[in-house]
Amino acid sequence: MKTVSAYATPAAKAPFERIEIERRDLNPEDVLIKIAFAGICHSDIHTGRGEWGEVNYPLVPGHEIAGTVEEVGSGVKKYQVGDRVGVGCMVSSCGTCANCKAGEEQFCVEGNVGTYAGMLDGKPTDGGYSTHIVVDENYVLGIPESIELDAAAPLLCAGITLYSPLNHWQAGPGKKVAIVGMGGLGHLGVQIAHAMGAEVTVLSQTLSKKEDGEKFGADHYFATSDDDTWDKLEGHFDLIINTVSASLPMAKYLSLLKTRGALVSVGAPSEPLEVPAFSLIGGAKIWAGSMIGGIPETQEMLDFCAEHGIGAQIETISADQIDEAWDRVVDSDVRYRFVIDNSTI
Ligand code: NAP
Ligand code: ZN
């Protein structure tokens, strides 16, 4: 066992504290990673504040992890000491069900093991707000040389969460795609959809981030607080990805789809999303969901981002600023992902 430092929230709404945690001895397939940066995902906040249900405390969040390999187990094949690597939202799954075999470990029928707030070998898992983590190499991703580790960390959750549905629903040339909410997920969605060749529109609460959106590759930018937006864009989109962390009036967003268009929910508010039947059946609209992506697709996403020069636009913080950063994320005051410099832990 290795004792390492971490930042944990001791209760649902209590400030973070620095604690010591144990990382397991390396199994043959394990990699010990020295974490350089950990992104702050809105899911950390939903989980840590108990908005998604009960969790064990102290909770060490963090599932957007980038760092370097410090030690490898005797059977590790893919990685060597010094390699630049990442870990996303999962650290294990059964490996034998149809979904795992298809490379969709996120949908493991036994349930994937979350990087934090999961259970592995009878113990709760601790995430990336810590100096080191031990992970089975099959759940470790290679970070291409051309992406800086700090800009890469958010790709491990936010990046794949947008890449997967954009890929599945074939965002590309000739497709009109809207990204709803330009926060951590949304700002990567704009870059990825643009790189895939789609015509990209941002639907944000206000126009305050319009210039940034255009820099990320948005062709159009509209405020959802402006009533004209809803008239102008009626029946306009092939695909809408909703990244918003709060419950939205879904019927209004479905009205912006073309016939047989798809709205994909990736935002995960604790309150229900209501969908009147008539907003789907008129126009044969599709309402779908998506959750992160499997390990092979996550590697594909990292390689795609490297090829297209895509990374997160980040604001780096020290570990003692996590509480403040969480509040700013909830206030939509993030440009566009907070990343913890783990050397400050
Ligand atoms: P974030 O950085 O806080 O971004 C969310 C954005 O939603 C905000 O920047 C804001 O965009 C918009 N928004 C927030 N409150 C709103 C409100 N009341 N009404 C309308 N718009 C609002 O969060 P994130 O890290 O991108 O995560 C977004 C959501 O996705 C969270 O619920 C998270 O748990 C979930 N998530 C899901 C998956 C998955 O696999 N499905 C993976 C990761 C995260 P504007 O300022 O542009 O309006
Ligand atoms: Zn996340």
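Note that this is a predicted model, so its numbers are computed, not measured.

Caption draft 1: Fine view of unusual backbone geometry. Put simply, Tyr57 and Pro58 share a cis peptide bond, and its omega is -5°. Relative to the helices and strands, Pro58 is located in the loop between helix H1 (42-48) and strand S4 (65-72). For the bond running from Arg335 to Tyr336, omega is -10°, close enough to zero to count as cis. With respect to the helices and strands, the residue Tyr336 is situated in the loop between helix H11 (322-330) and strand S19 (337-341). Phi at Arg260 is positive, roughly 65°, even though this residue is not glycine. Residue placement: Arg260 occurs in strand S16 (residues 257-265). The class of Arg260 is exposed, set by a relative accessible area of 61%. Even without being glycine, Ile292 reaches a positive phi, approximately 30°. Inspection of the secondary structure assignment puts Ile292 in the loop between strand S17 (286-289) and helix H10 (295-307).

Caption draft 2: Molecular detail of the coordination of the zinc ion (ligand 2). Summarising the metal site, the zinc ion (ligand 2) is bound by the protein donors Cys41 (SG), His63 (NE2) and Cys157 (SG), whose distances to it range over 2.0 to 2.2 Å. Between consecutive donors of the zinc ion (ligand 2), the numbers of intervening residues give the motif C-x21-H-x93-C. With Cys41 in the loop between strand S3 (30-39) and H1 and His63 in the loop between H1 and S4, this pair connects stretches of sequence that are 22 residues apart. Of the two residues examined, Cys41 and His63, each falls in the buried class.

About the cut-offs
Residues numbered from 1 in each chain as written. Chains lettered and ligands numbered in written order. Predicted model: local features only at pLDDT ≥ 70, side-chain atom pairs only at ≥ 80, totals over all residues. Heavy atoms only, no water. Helix = DSSP H or I, 4+ residues; strand = E, 2+ residues; numbered from the N terminus. Buried < 20%, exposed > 50% of the residue type's maximum accessible area, 1.4 Å probe, protein only. Donors = N, O, S within 2.8 Å, 3.2 Å for Na, K, Ca; no water.

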